[in-house]
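Summary of the model geometry
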Amino acid sequence: MPENKKDIKSMKKTEIEEFVLSISEPKYRANQVFKWIQKAGIEDFSKMTDVSAKLRKIFYDNFVIFNCAIEKKLISVYDNTIKYLFRLFDGEFIEAVLMKYKYGYTLCISMQAGCRMGCRFCATAVGGLRRDLYPSEMLSQIHAAEKDAGVRVSHVVLMGMGEPLDNFDNTLRFLELVSNGDGLNLGMRNISLSTCGLVPEIDALAEKRLQLTLSVSLHAPTDEIRREIMPITRKYGVDGILEACRRYTDATSRRISFEYALIEGLNDSDECAFMLAGKLKGMLCHINLIPANKIEGQSFKGSGNERTGGFSAILKSKGLNVTVRRRLGADINASCGQLRGNVMQN
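Residues numbered from 1 in each chain as written. Predicted model: local features only at pLDDT ≥ 70, side-chain atom pairs only at ≥ 80, totals over all residues. Heavy atoms only, no water.

Let us look at the pattern of salt bridges. Throughout the structure, instances matching the rule amount to 16 salt bridges. Here Asp61 ties to Lys57 by a salt bridge, and the two come within 2.8 Å at their closest N and O atoms. Of this pair, Asp61 and Lys57 both sit in helix H3 (residues 53-62), four residues apart, which is roughly one turn of the helix. Of the residues examined, Asp61 reaches a relative accessible area of 38% and is grouped as partly exposed. With a shortest N-O distance of 3.0 Å, Arg87 and Glu71 are connected by a salt bridge. Taken together, the residues span a long stretch of sequence, with Arg87 in strand S4 (residues 82-87) and Glu71 in strand S3 (residues 69-75) at a distance of 16 residues. A relative accessible area of 34% places Arg87 in the partly exposed class. (Salt bridge = Lys/Arg side-chain N within 4 Å of Asp/Glu carboxyl O. Helix = DSSP H or I, 4+ residues; strand = E, 2+ residues; numbered from the N terminus. Buried < 20%, exposed > 50% of the residue type's maximum accessible area, 1.4 Å probe, protein only.)

This is the structure in structure tokens:
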């Protein structure tokens, strides 16, 4: 963080209002500045054309605008999915992926530079956690992708690098800012938040009664299997996570999405499918089956189409809502952490 300067893109409108009033400027100036920062996504204060040069200088002296610089991008020849590698102000790297669907564009953004959760099938975990992202850096991923691709991002998925609930306060502030009507104005129902299952934070999120979609990376029906790929299971077991999920659905009336990466010979057996169906019985949920990606240094192999279909059929026979995730950007390694890992190694 630059010395003696505040991160203005992470500030709420009321906080900007306090500043403009403290320098004897009219309150409406805060709304002008907020819109330039949040909606227009300006990269420097000189772009605020309806604000006086004197006031722009005051903001320059007191604040900094954090942005994401595109270090590298890959475009899929199959579906035009774009994978971005962004460089942050301190030289850290993060990734984001822009995907096109029938309903519009979805951007998968990062919440941390790296991750401390250590999931063995995730490339992001290899280098550990470098630092949390500020709300401004989360927002800047959206601004940068929209400007580069010339599109409007209508849906955001907090499923990139890092664990959103491990960066809880910054994540909540981001959600408040991104949904502000004078900013990007994204509805909560167009936002998905993914977690590996931090139980206290799931309960704290439930108290907020937000109408976003909570996506839980479950990946196994038992602690024994889950511990092999997700170290967090030693702290929060499957049953405890599912109990927190039930409390979440009771509090919000929102359906939970369970992510389940199928790994050959580990969690893709018929027995696993029946156990999973039993544990999710009666819950307001959806199951998203994912063919696991190959990670360098790991022996995991994603399940084939036949096994995936059999697993899905068992869950459906038990009355559960199931889909198999369509792989976008397969030719550009669009899953998280791989591009960043290559660049950091080099």
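There is more to say, and it comes next.
Moving on, we come to the packing of helix H1 (residues 13-22) against H3. Contact pair H1 / H3: the axes reach a minimum separation of 12 Å and the direction vectors enclose 115 degrees. Relative to H3, the crossing made by H1 is right-handed. Residues Ile16, Phe19 and Val20 of H1 lie in contact with H3, whose contacting residues are Ile58, Phe59 and Asn62. (Axes fitted to C-alpha atoms, helices over the stretch in contact; angles between N-to-C directions. Left-handed = near helix turned anticlockwise from the far one by under 90°. Contact = heavy atoms within 4.5 Å.)

In this section: the nonpolar core. Counting 103 residues, the largest nonpolar core has Ile8, Phe59, Phe174, Leu175 and Phe258 as its most contacted members. Residues contacting Leu175, with those up to four places away along its chain left out, are Leu158, Met188, Ile191, Leu193, Leu210 and Leu212. (Core = buried A, V, L, I, M, F, W, Y, C linked by side-chain atoms within 4.5 Å.)

Looking now at the sheet that holds strand S11 (residues 213-217). Taken together, the 10 strands give an open sheet; going across it, the order is S3-S4-S5-S6-S9-S10-S11-S12-S13-S14, and neighbouring strands pair in mixed fashion. The sheet terminates laterally at S3 and strand S14 (322-324), the two strands that pair on one side only. Going across the sheet, the axis of each strand differs from the next one's by a mean of 25 degrees, ignoring polarity. As judged from the three bridges shared by strand S9 (residues 153-158) and strand S10 (residues 191-195), these two strands associate in the parallel manner. In the sheet register, Leu158 faces S10, and the bridge partner there is Leu193. Packed on one face of the sheet, helix H4 (residues 135-149) meets S3, S4, strand S5 (93-101), strand S6 (104-108) and S9 and runs near 125 degrees to S4. (Pairing = 2+ DSSP bridges.)

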